[in-house]
Amino acid sequence: MADQATPFPTILTERLRLRQFQPKDDAGLHACLGNERLVRYWDFSACENIQETRRWVRILAKTTSPYESIAWAVADAKTDECIGMVNYHHREARNRRLEIGYILNADWHRLGLMSEAVQALITHCVDNLKTRRIAAIIHPDNAPSIRLVTRLGFQCEGGPLRDYWRVGNSFMSPMLYSFIAS
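In this text, all values refer to a predicted model and were calculated from it rather than measured experimentally. (Residues numbered from 1 in each chain as written. Predicted model: local features only at pLDDT ≥ 70, side-chain atom pairs only at ≥ 80, totals over all residues. Heavy atoms only, no water.)

Now for the nonpolar core. As a rule of thumb, soluble globular proteins bury nonpolar side chains together. The biggest cluster of nonpolar side chains holds 35 residues, and the ones touching the most others in it are W72, V86, Y88, I100, Y102, V118 and F154. Mapped by element, the contributors of at least two residues to this core are β3 (16–19), β4 (70–76), β5 (82–92), β6 (97–104), α4 (113–129), β7 (133–138), α5 (143–151) and β11 (175–180). Tallying contributions element by element places α4 first for this core, with 9 residues. Counting 17 residues, the second-largest nonpolar core is a separate cluster that includes F21, V39, A61 and I103. (Core = buried A, V, L, I, M, F, W, Y, C linked by side-chain atoms within 4.5 Å. Buried < 20%, exposed > 50% of the residue type's maximum accessible area, 1.4 Å probe, protein only. Helix = DSSP H or I, 4+ residues; strand = E, 2+ residues; numbered from the N terminus.)

Below, the discussion takes up the state of the cysteines. Overall, the coordinates contain 0 disulfides when judged by the stated rule. Counting only cysteine sulfurs, C32 is the nearest neighbor of C47, a cysteine outside any disulfide, at a range of 10 Å. Judged by relative accessible area, C47 falls into the buried class, the value being 4%. Cysteine C125 remains unbridged, with the sulfur of C82 as its closest cysteine sulfur at 19 Å. (Disulfide = S-S within 2.5 Å.)

Burial within helix α1 (residues 26–33) is extensive, with 6 of its 8 residues counted as buried. Buried within α1 we find D26, G28, L29, H30, C32 and L33. Packed against the buried residues of α1 are α2 (36–39), α3 (50–61), β5 and β6. (Contact = heavy atoms within 4.5 Å.)

Shape is all these values report; function is a separate question.
Structure, rendered in structure tokens:
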């Protein structure tokens, strides 16, 4: 459920707290964005150092307007340690659609935490933003991400989207998965 007491929508789940990014999240986010294996299917290269990740934390902490995008730090509910990120972006309120993204520190994989976080994000988008269509654009080799969204009710609608993402001097051709709220 979303916490309406603060301007930034904090979302609580059984084991997680999705909250606004804070400067203390540098190391936690760097464990994600600085890990080449984790971002190999993303539309940008891994952060080369903690300073680069700090810049991202500052940028993500400012995404507090629900009109186009918001990023949440995925924090352990007990310790408040940042272990990942979920976000929505490319929101088109009139068309009631948006895209989502997510990443989780590899030390926390295989515990069902990303399913919990993404389900909470979907619920927030549908209930509070009145979103009908949620897209996840996923590299076809990213089997764990495809399994995640499929379990949550997304269906593959097409792709590969040829040369859709540019990373360095290369292009990637991801797939389009979508969730339609009833």
